[in-house]
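Spelled out from the first residue to the last, the chains are:
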Amino acid sequence: MLTMAEAVREAMSIAFDERPEVFLLGEDVGIYGGAFGVSGDMYHRYGAERVLDTPIAELGIVGAAVGAALSGMRPIVEIQFSDFTAQAMDQIANQAAKIHFMLGGALHVPMVLRTPQGSGTGAAAQHSQNLEPWFASVPGLKVVVPSNPADAKGLLLAAIDDPNPVIFLEHKLLYKIPGRDPVPEGATRIPLGVSKVVREGKDLTIVATGIMVNKSWEVCEKLAAEGISITLIDPRTISPLDMNPVFESVEKTGRLMVVQEGPAQAGFINEVIAQLAGSSSFGSLIAPIKRLAGMNIPIPYAPQLEKAAVPQVDDIEAAAREIVKNWR
Amino acid sequence: MSFKYPVVMPKMSMTMETGELINFHVAVGDQVKSGDVLFEVMTDKIDMEVEAPADGVIEALVANPGDVVEIGKPVLIMLTETEVMAFDFGTDNEPVAAVEVVAAPAPVAAPIVPTAPIILNESVKAVPKARVEAANRGIDLRTVRATGPDRTITMEDVNGAQLDPAIAKRQAANKALIAKGIEMTRSIAQASFTRSVNANFDHATFIAAWAKVLRNRPDLAAHQHVGVALIIESKYGSALPVFRDPDQLNIADLAALVASTTDAAKNGKVPVAMLSGATTTVFDLTTYSMSSATPLLFPNQVTSVTIGYESATTKIVSLTIDLNFCDFYDGALLLDALVASL
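Residues numbered from 1 in each chain as written. Chains lettered and ligands numbered in written order. Predicted model: local features only at pLDDT ≥ 70, side-chain atom pairs only at ≥ 80, totals over all residues.

A. Summary view of the pairing of strand β4 (residues 37-42) of chain B. All names here are of chain B. For strand β2 (residues 18-24) and β4, the ladder comprises four bridges, and the chain directions are antiparallel. When the bridges of β4 are listed, Glu 20 appears paired with Met 42. Taken together, the five bridges between β4 and strand β5 (residues 47-51) define a ladder with antiparallel strand orientation. Pairing of Val 41 across the sheet is with Met 48, part of β5. Between the antiparallel neighbours β4 and β5 lie four residues. (Pairing = 2+ DSSP bridges. Helix = DSSP H or I, 4+ residues; strand = E, 2+ residues; numbered from the N terminus.)

B. Representation of unusual backbone geometry within the structure. With an omega of 0°, the peptide bond running from A:Ser239 to A:Pro240 counts as cis. Take A:Pro240: it is sitting in the loop between β10 (237-239) and α9 (244-253). Positive phi outside glycine occurs at A:Arg236, with the angle close to 65°. With 27 C-beta atoms counted inside 10 Å, the residue A:Arg236 sits in the buried group. With a phi close to 50°, B:Arg151 is a non-glycine residue in the positive phi region. Mapping B:Arg151 onto the fold places it in the loop between α1 (128-137) and α2 (155-159). Residue B:Arg151 is classed as exposed on the basis of its 10 C-beta neighbours within 10 Å. (Buried ≥ 20, exposed ≤ 12 C-beta atoms within 10 Å, placed from the backbone.)

C. The environment of B:Met48, seen in detail. All names here are of chain B. The residue Met 48 is located in strand β5 in this model. Taking the number of C-beta atoms within 10 Å as the measure of exposure, Met 48 has 16 and is therefore partly exposed. Placed 36 residues apart in sequence, Met 48 and Met 12 show a C-alpha to C-alpha distance of 8.7 Å. Leaving out residues up to four positions away in the same chain, Met 48 has contacts with Met 12 and Val 41. (Contact = placed C-beta atoms within 7 Å.)

D. Quick look at the interface of chain B and chain A. Of the residues lining the interface, nine residues belong to chain B; the matching set on chain A comes to 10 residues. Contributions of two or more residues to the side of chain B that touches chain A are made by α1 and α2 of chain B.

E. Representation of the packing of helix α1 (residues 4-18) of chain A against helix α7 (residues 149-161) of chain A. Residue and element names in this part refer to chain A. As a packed pair, α1 and α7 sit with axes 8 Å apart at the nearest point and diverge in direction by 30°. Compared by their axis directions, α1 and α7 come out roughly parallel. Of the two elements, α1 crosses α7, and the hand of that crossing is right-handed. For the pair formed by α1 and α7, the contact residues are Met 4, Glu 6, Ala 7, Val 8, Glu 10, Ala 11, Ile 14 and Ala 15 on the first element and Pro 149, Ala 150, Ala 152, Lys 153, Leu 156, Leu 157 and Ile 160 on the second. Its residues placed into classes, the contact of α1 with α7 shows 12 nonpolar, no polar and three charged. (Axes fitted to C-alpha atoms, helices over the stretch in contact; angles between N-to-C directions. Parallel < 35°, antiparallel > 145°, perpendicular 65-115°, else oblique. Left-handed = near helix turned anticlockwise from the far one by under 90°. Nonpolar A, V, L, I, M, F, W, Y, C, P; charged D, E, K, R; others polar.)

Right, dumping it as structure tokens:
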């Protein structure tokens, strides 16, 4: 069973083998093997020309990747912590996302920006953010948030194929964890923009992103033993967002709970609620929509507070139990 | 004493079923005078300003600009001190003291319970699906006990709510017809029955008799009471004062009430308390020496009766029923019982 880090490395390796124009650049991705060990031995297997160690200069790294992509290459950028994309935001949001559109489709920017995100590592506020809504709110960027190794591999291969920029947000805590399902052999792609129904139930629909899919899964298992059956939906691609499975599920269960790690205010998951509220499926609701999200605070350094700042399994369990019990 | 008076979407043409509220000319708390423009309405045929029917204060705006409102449904609520209100002024420009305060009809022995203040903008908390379910099943959410958090009506509450028997029957009838492949339309949903009657009766006697017949068929009404609306024509238009539970009044008192109300209506005035609560309608055509007319069933009424002229000694009683609620056999029984009691 591959971990997520291994699955990402395998996808990159397949892409390297398939296309000579694919290369990886970032801080410490080469000799060191990546800050979280994702690129691993790729430097030794593919050489310094395809696995490029860069200076600590995020704006320059992404700018170089945008230029390379415009010149016919397919760069994969790794930014050590997603928090550091702030340094590169002009290249990401103003250049990469818009060039294809501002030039009337004449040029493409086939670039993938991979970056680890999230809290739980004791790395404090500047290294622990979940910035999904930053990217999801920029038209021209596709945004992928894998929750398991199998999806990470198939989605990353599809992201590398994509002719325009894709932001690929990997959760640090998932890197070392094998998935529930084995990672398929071969180079099978998982199309971007297709939500996954992880499991089906009749009492509640949970939509969760990234690591929250895993936490929600635990809750589904636990409550199933009590006779509460839950549909769990993982959008996988948060932009573009595929809402159809959510509509269909809510029409069956009548109850919706959304879970994300990032702060509640202006969070990505609010988009799910907004689209549901504006759809005809709204009339199927038999309970108010429940939102579980991070607190509107910078992630604290103290481990107990860090944990308390984002939804945990117990929180999800209590909320799921309450919504099903109170709204019949 | 002040009254809540709903100003409703007016019916401005024969085919009009809804109107779009364009805008309000007043805000909550505004003092208005009779004739002041309250709001503007757009239909497929005409745009029109709707005026205040009396002096008063705007208590609540029920609809929102842009809303498509069914005719008869409230657009705003006025609070008025005017105890007696004129009904339809038509286009008659003759000065009429239409909204002046006049004495209420002489009190009668049996108490006429005034209609409770009409509170139409009362909000009810309910989960979305409960609203859908209630609308489909004809349940008034205001009558449903809320057991959910923050006194919100849940699906369980709606599922446990008592279904209006008349609506249950309507649904069953609809289902039966749909099962037979017959499409329900208004045009085939009603039927009329006619009988000649050799009897002399006044309006009070007739209203009381008809109310008594209907009282034995509570399944045909969506209400706990029997409210007989008597159509009274005058130069101001049609007035429909409603006599609530007339069969439970002393007949002499009822006769006095009918007489005073008829007089008032002919002068363009009907007490506010008598403007609502109709469950059936009576139309006396003998005034015009007509034998029959095509009676229309009012929304939410299952029956209407006309009294027609045949000869000096013979009248024709016609009953129209809504086939969604009752079948031909029901209709025959009702008319039979009415004629027998005259």
